[in-house]
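Listed below are the residues making up each chain.
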Amino acid sequence: YNLFTGTIPNNLGHFEKLQGLFLEHNRLVGTIPKAIYRGSGVGAHPLPLVQLFLEQNSLSGTLNEGLATLPDLKELYVDGNKFTGVVPDEVNIPRRCAFLYK
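Residues numbered from 1 in each chain as written. Predicted model: local features only at pLDDT ≥ 70, side-chain atom pairs only at ≥ 80, totals over all residues. Heavy atoms only, no water.

1. So, the overall build of the chain
Point 1. Scanning the chain from N- to C-terminus turns up 1 helix and 8 strands.
Point 2. Reading the secondary structure of the chain in the N-to-C direction produces β-β-β-α-β-β-β-β-β.
Point 3. Each of the 102 residues in the chain was classed as buried or not, and the buried ones make up 37%.
Point 4. For the chain, contacts bridging at least 24 residues in sequence account for 54% of all contacts bridging at least 6.
Point 5. Approximately 5900 Å² of the chain is accessible, and the part contributed by carbon and sulfur atoms is 52%. (Helix = DSSP H or I, 4+ residues; strand = E, 2+ residues; numbered from the N terminus. Buried < 20%, exposed > 50% of the residue type's maximum accessible area, 1.4 Å probe, protein only. Contact = heavy atoms within 4.5 Å. Areas by Shrake-Rupley, 256 points an atom, 1.4 Å probe, with all protein chains shown as cover.)

2. Here we look at the pairing of strand β5 (residues 58–61)
On any regular strand, side chains alternate: one points to one face of the sheet, the next to the other face.
Point 1. Bridge count for strand β3 (residues 27–30) against β5 is 2 bridges, and the pairing is parallel. Looking across to β5, one finds that glycine 30 is bridged to leucine 59.
Point 2. When β5 meets strand β7 (residues 82–83), the two strands line up parallel, connected through 2 bridges. From the neighbouring strand, serine 60 faces β7, where its bridge partner is lysine 82. (Pairing = 2+ DSSP bridges.)

3. Quick look at the pairing of β3
Point 1. The sheet contact formed by strand β1 (residues 5–6) and β3 spans 2 bridges and is parallel. Looking across to β3, one finds that glycine 6 is bridged to leucine 28.

4. Description of the side chain of asparagine 57
Point 1. Checked against the element boundaries, asparagine 57 lands in the loop between β4 (51–53) and β5.
Point 2. At 3.0 Å, the side chain of asparagine 57 and the backbone oxygen of leucine 54 are in polar contact.
Point 3. Not counting chain neighbours up to four residues away, the residues in contact with asparagine 57 comprise Leu23, Glu24, His25, Asn26, Arg27, Leu28, Gly80 and Asn81. (Polar contact = N/O pair within 3.5 Å; in protein donor to acceptor, adjacent residues only side chain to side chain.)

5. Comments concerning the nonpolar core
Point 1. Counting 22 residues, the largest nonpolar core has Ile8, Leu21, Ile36, Leu49, Leu52, Leu54 and Leu67 as its most contacted members.
Point 2. Among residues more than four places away in sequence, those in contact with leucine 21 are Leu12, Ile36, Leu49, Gln51, Leu52 and Phe53. (Core = buried A, V, L, I, M, F, W, Y, C linked by side-chain atoms within 4.5 Å.)

6. Re the sheet that holds β7
Point 1. Spatially, 4 strands are ordered β1-β3-β5-β7 in an open sheet, and the strand pairing comes out parallel. The outermost strands of the open sheet, each flanked by one partner alone, are β1 and β7.

7. Focus on the packing of aromatic side chains
Point 1. Evaluated as defined, the whole model comprises 2 aromatic pairs.
Point 2. Look at phenylalanine 22 and phenylalanine 53: their rings are 5.1 Å apart centre to centre, the planes differ by 75°, and that puts the pair in the edge-to-face class. One end of the pair, phenylalanine 22, is in strand β2 (residues 20–22); the other, phenylalanine 53, is in strand β4, with 31 residues separating them in the sequence.
Point 3. Assessed through its relative accessible area of 41%, phenylalanine 22 is described here as partly exposed.
Point 4. Arranged with centres 4.8 Å apart and planes meeting at 75°, the rings of phenylalanine 53 and tyrosine 77 form a pair that is edge-to-face. Remark: tyrosine 77 occurs in strand β6 (residues 75–77) and phenylalanine 53 occurs in strand β4; sequence separation between them is 24 residues. Taken as a pair, phenylalanine 53 and tyrosine 77 share a single burial class, namely buried.
Point 5. What links up through ring pairs into an aromatic cluster is the set Phe22, Phe53 and Tyr77. (Phe/Tyr/Trp six-rings, centres within 6.5 Å; stacked < 30°, edge-to-face > 60°.)

Below you can see the structure in the form of structure tokens.
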């Protein structure tokens with residue numbers, strides 16, 4: 001619980017060795033930036049995230065199918081936000097990822 005406010009910065013895509021991102025229980029708004037699953041810069045690759053904890057914020061929009069491109073992702077928690085729509089089939093990362101979305 002850090003009480004961070006604002007949006008998730010796009011420059012996270014520059015952290016090429018980032019394996020865990022723990023931003024749960026804050027006051028973050030906006031969408032999940034594409035840089036998380038695309039990386040940033042020329043020749044960028046998806047981040048090597050294993051854990052992505054974004055639950056209990058005020059994030060909105062839809063869950064992008066790009067999250068399914070994170071090859072090492074094992075835990076994805078996004079419950080308690082203001083996401084709309086349905087979870088794309090590609091995001092359900094079956095058998096290799098604990099996934100919580102409400």
